[in-house]
Amino acid sequence: DDCWMAINGTVYNPTDYLNQHPGGSDILQGCGIDATKIFNNRSGGEGPHSSFANDLLVEYRIGSLQQ
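Residues numbered from 1 in each chain as written. Predicted model: local features only at pLDDT ≥ 70, side-chain atom pairs only at ≥ 80, totals over all residues. Heavy atoms only, no water.

Trainee: Honestly, the packing of aromatic side chains in this entry has me stumped. Any pointers?
Mentor: For any pair of aromatic rings, the description rests on two quantities: the centre-to-centre distance and the angle between the ring planes. Using the criterion set out here, one finds one aromatic pair in the structure. Between Tyr 17 and Tyr 60, the ring centres sit 5.9 Å apart and the planes meet at 45 degrees, which makes this aromatic pair tilted. Placement of the pair is Tyr 17 in the loop between strand S2 (10-12) and helix H1 (36-40) and Tyr 60 in the loop between helix H2 (51-57) and strand S3 (61-64), with a sequence separation of 43 residues. On the basis of relative accessible area, Tyr 17 is assigned to the buried category, the value being 13%. Relative accessible area serves as the criterion here: at 15%, Tyr 60 is assigned to the buried category. (Phe/Tyr/Trp six-rings, centres within 6.5 Å; stacked < 30°, edge-to-face > 60°. Helix = DSSP H or I, 4+ residues; strand = E, 2+ residues; numbered from the N terminus. Buried < 20%, exposed > 50% of the residue type's maximum accessible area, 1.4 Å probe, protein only.)

Structure, rendered in structure tokens:
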């Protein structure tokens, strides 16, 4: 029931943000995977997410990936 994703070695749970995502359901592509490439190169080749999106990630941080 949750959408967890990893971006740049950090794990996020943006489940509460899914319905607010400006790209609609595109965010679901990153659920359950390392979504770094998806986050850094938005669908349609639009380039990286905005600084606002990067700042918003802090709210959904739940941990770090271990190697």
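Trainee: What is the right way to read the layout of surface pockets from this model?
Mentor: By rolling a water-sized probe across the atoms, one finds the places where empty space is left. Quantified by volume, the largest pocket comes out at close to 550 Å³. Every residue lining the largest pocket is counted, 25 residues in all, and those nearest its centre are His 21, Ile 27, Phe 39, Arg 42 and His 49. Those elements that provide at least two residues to the lining of the largest pocket are strand S1 (5-7), H1 and H2. When residues of the lining of the largest pocket are assigned to their parent elements, the largest contribution, four residues, is made by H2. Class assignment for the residues of the lining of the largest pocket results in 14 nonpolar, eight polar and three charged. (1 Å grid on protein atoms, 1.4 Å probe; cavity = no way out; pocket = protein on both sides within 12 Å on 5 of 7 lines; lining within 4 Å. Points joined across faces, edges and corners; volume = space filled by probe spheres on them. Nonpolar A, V, L, I, M, F, W, Y, C, P; charged D, E, K, R; others polar.)

Note that every value here comes from positions in space, so none of it alone points to a role or purpose.
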